[in-house]
Amino acid sequence: MTKTTLMIHNDDEMLTCALTYAKQGWRVLPLHKTQDGRCSCGNSGCRSSGKHPRIGQWQRAATTKEEKIRAWW
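In this text the structure is predicted, and so the values were computed from the model without any measurement.

### What about the overall build of the protein chain?
And then number 1: Helix and strand content of the protein chain: three helices and two strands.
And then number 2: Going from the N terminus to the C terminus, the protein chain shows its helices and strands as α-β-β-α-α.
And then number 3: Taking all 73 residues of the protein chain together, the buried fraction comes to 21%.
And then number 4: Long-range pairs, those at least 24 residues apart, make up 45% of the contacts in the protein chain between residues at least 6 apart in sequence.

Here it is as structure tokens:
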């Protein structure tokens with residue numbers, strides 16, 4: 001099995017990937033991202049920069065619904 005690395009360069013590419021995953025039945029949720037070395041959550045001491053959900057109750061909110069995914073992006 002070959003490992004594949006996907007490089008995503010912008011929000012449009014991220015949306016395309018999210019919709020592709022959702023069509024395969026994978027539930028999707030928005031995460032914070034890293035900007036200028038800092039997390040977009042605004043916490044200067046964030047220990048999970050770009051690696052934590054933007055939404056509360058993410059376990060329940062993650063979805064395969066295209067309309068919801070588009071609204072997040």
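What follows picks up the thread again.
### As for the pattern of salt bridges
And then number 1: Inspection of every chain in the model, using the stated rule, returns one salt bridge.
And then number 2: Residue glutamate 66 pairs with arginine 70 through a salt bridge whose shortest N-O separation is 2.8 Å. Residue glutamate 66 and its partner arginine 70 are located together in helix α3 (residues 66–72), separated by four residues, close to a single helical turn.
And then number 3: Residue class for glutamate 66 comes out partly exposed when judged on its relative accessible area of 35%.

### Focus on helix α1 (residues 11–23)
And then number 1: Between its terminal C-alpha atoms α1 stretches 18 Å, which fits the 18 Å expected from 13 residues at 1.5 Å a residue.
And then number 2: Turning to α1, its buried residues are Leu15, Cys17, Ala18, Leu19 and Ala22.
And then number 3: On the buried face of α1, the contacting elements are α3.
And then number 4: Within two residues after α1, glycine 25 carries a phi angle of roughly 95°, on the positive side.

### Considering unusual backbone geometry
And then number 1: Here the phi dihedral of aspartate 36 falls at roughly 50°; this positive angle occurs in a residue that is not glycine.
And then number 2: Looking at where aspartate 36 falls in the secondary structure, it is placed in the loop between β1 (34–35) and β2 (38–39).
And then number 3: By relative accessible area, which is 82% here, aspartate 36 ends up exposed.
And then number 4: Residues other than glycine seldom take positive phi values, yet glutamine 57 does so here, at roughly 50°.
And then number 5: If you trace the backbone, glutamine 57 turns up in the loop between β2 and α2 (58–61).

What counts and how
- Residues numbered from 1 in each chain as written.
- Predicted model: local features only at pLDDT ≥ 70, side-chain atom pairs only at ≥ 80, totals over all residues.
- Heavy atoms only, no water.
- Helix = DSSP H or I, 4+ residues; strand = E, 2+ residues; numbered from the N terminus.
- Buried < 20%, exposed > 50% of the residue type's maximum accessible area, 1.4 Å probe, protein only.
- Contact = heavy atoms within 4.5 Å.
- Salt bridge = Lys/Arg side-chain N within 4 Å of Asp/Glu carboxyl O.
- Expected span 1.5 Å × (residues − 1).

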